[in-house]
Amino acid sequence: MDTLHKQPTEDAPMGSLAWGRRQGAYSLGRLTRSEKIRLIGNLGRISLLETMDAVLDRVGLLRRFGADLGGLMPQETPLVRDACAFAEEVQGSELMQHSFRTYVWGMLLGGYRGLEVDREIFFSAAILHDVGLADGRQTEPRECCFVVSGAERCHQHLVGKGHDRAKVRKIADAIGLHLNAYVSDRVFGAEAHLLSRGAMCDVFGMGRRRITEQTRQEVFSRHPRGDLINALEIWPGHHLKGTRADVLMRIGGEPKSKSSKLEVAAQAGE
């Protein structure tokens, strides 16, 4: 079974499983200067998309997508069952609801663009994408990027259950990439792209304008938000310095309490 930092790849894409295994000064998910610049650029890109949506919405040109939520769920394969069972075992209610909403938002945003998605892989990644913050974790966010440790935890658990290594690698890579602010579907696939988009939609409301009001209300009715900020442990000084979570919090301005700026942003699209 693979272990943390085994066979690191120096030129692996930021956020990938191999990238998270590198050693030295930039181990544990710590970013180089160029990676910090890339992260800021990714954040600028998704912010620009949101601005464009706002402008189109203001002039009545933004189309909206809606769907029956039940029809978005994946088939109940052994991989889906094991991923969901692991999530239910270690994640509290808020993390579980966030994970379900992330999947649903991602599927809706994928439907908006007409993307073809492997639901088995996408659901497994979405339901476990924050497992690095769940019960039984081996490292704390101040010790290692929680997405790096979460991708490893997911990879080891699902490989240990005997699932196809290629599929599990895609799931773990999608989890590791999702904190990049923007993930290209052309480069990394629809599943990794939509996991990032779904998470950004749930936490910050980005992309929610593309979804009909009726569908948005149904999502929150089925999967209530709860105390999302504390569930995601978005607290000042809580994350390892120089990791993506730390850098993104610094860009947004560290909240003076556990629920201020970020909570306002998260609730803006409801």
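On a predicted model such as this, the values are computed, not experimentally measured, just so you know. (Residues numbered from 1 in each chain as written. Predicted model: local features only at pLDDT ≥ 70, side-chain atom pairs only at ≥ 80, totals over all residues. Heavy atoms only, no water.)

**Student:** Honestly, the nonpolar core in this entry has me stumped. Any pointers?
**Tutor:** Note that soluble globular proteins tend to have their nonpolar side chains buried in a common cluster. Core analysis: the largest hydrophobic core is formed by 73 residues, its most contacted members being L108, I127, L128, I171 and I175. Per-element tally for this core: the top contributor is helix α4 (residues 93-113), with nine residues. With residues up to four places along the chain from it excluded, the contact list for L108 reads F65, A67, L69, L72, I211, T215 and V219. (Core = buried A, V, L, I, M, F, W, Y, C linked by side-chain atoms within 4.5 Å. Buried < 20%, exposed > 50% of the residue type's maximum accessible area, 1.4 Å probe, protein only. Helix = DSSP H or I, 4+ residues; strand = E, 2+ residues; numbered from the N terminus. Contact = heavy atoms within 4.5 Å.)

**Student:** Explanation requested: the packing of α4 against helix α9 (residues 190-204) in the structure shown.
**Tutor:** Packed helix pairs are specified by the crossing angle of their axes together with the interaxial distance, meaning the distance between the axes. Relative to each other, α4 and α9 sit at 115 degrees, their axes nearing to 7 Å. Regarding α4 and α9, the two cross each other, and that crossing is right-handed. Contacts between α4 and α9 pair H98, R101, T102, W105, G106, L109, G110 and R113 from the former with H193, L194, L195, R197, G198, A199, C201, D202 and V203 from the latter. Across the contact of α4 with α9, the residue classes tally to seven nonpolar, six polar and four charged. (Axes fitted to C-alpha atoms, helices over the stretch in contact; angles between N-to-C directions. Left-handed = near helix turned anticlockwise from the far one by under 90°. Nonpolar A, V, L, I, M, F, W, Y, C, P; charged D, E, K, R; others polar.)

**Student:** Would you mind showing me how to read the packing of aromatic side chains here?
**Tutor:** Two aromatic rings, taken as a pair, are described by how far apart their centres are and by the angle between their planes. Summed over the entire model, instances satisfying the criterion amount to four aromatic pairs. Aromatic pair F100 and F123: ring centres 6.0 Å apart, planes at 50 degrees, arrangement tilted. Note that F100 is positioned in helix α4 and F123 in helix α5 (residues 119-127), a separation of 23 residues in sequence. By the burial criterion, F100 is buried, and F123 matches it. Pairing Y103 with F122 gives two aromatic rings, centres 5.1 Å apart and planes at 35 degrees, and the pair type is tilted. Within this pair, whereas Y103 is found in helix α4, its partner F122 is found in helix α5, the two being separated by 19 residues in sequence. Assessed through its relative accessible area of 1%, Y103 is described here as buried. (Phe/Tyr/Trp six-rings, centres within 6.5 Å; stacked < 30°, edge-to-face > 60°.)

Treat this as a map of the structure, not an account of what it does.
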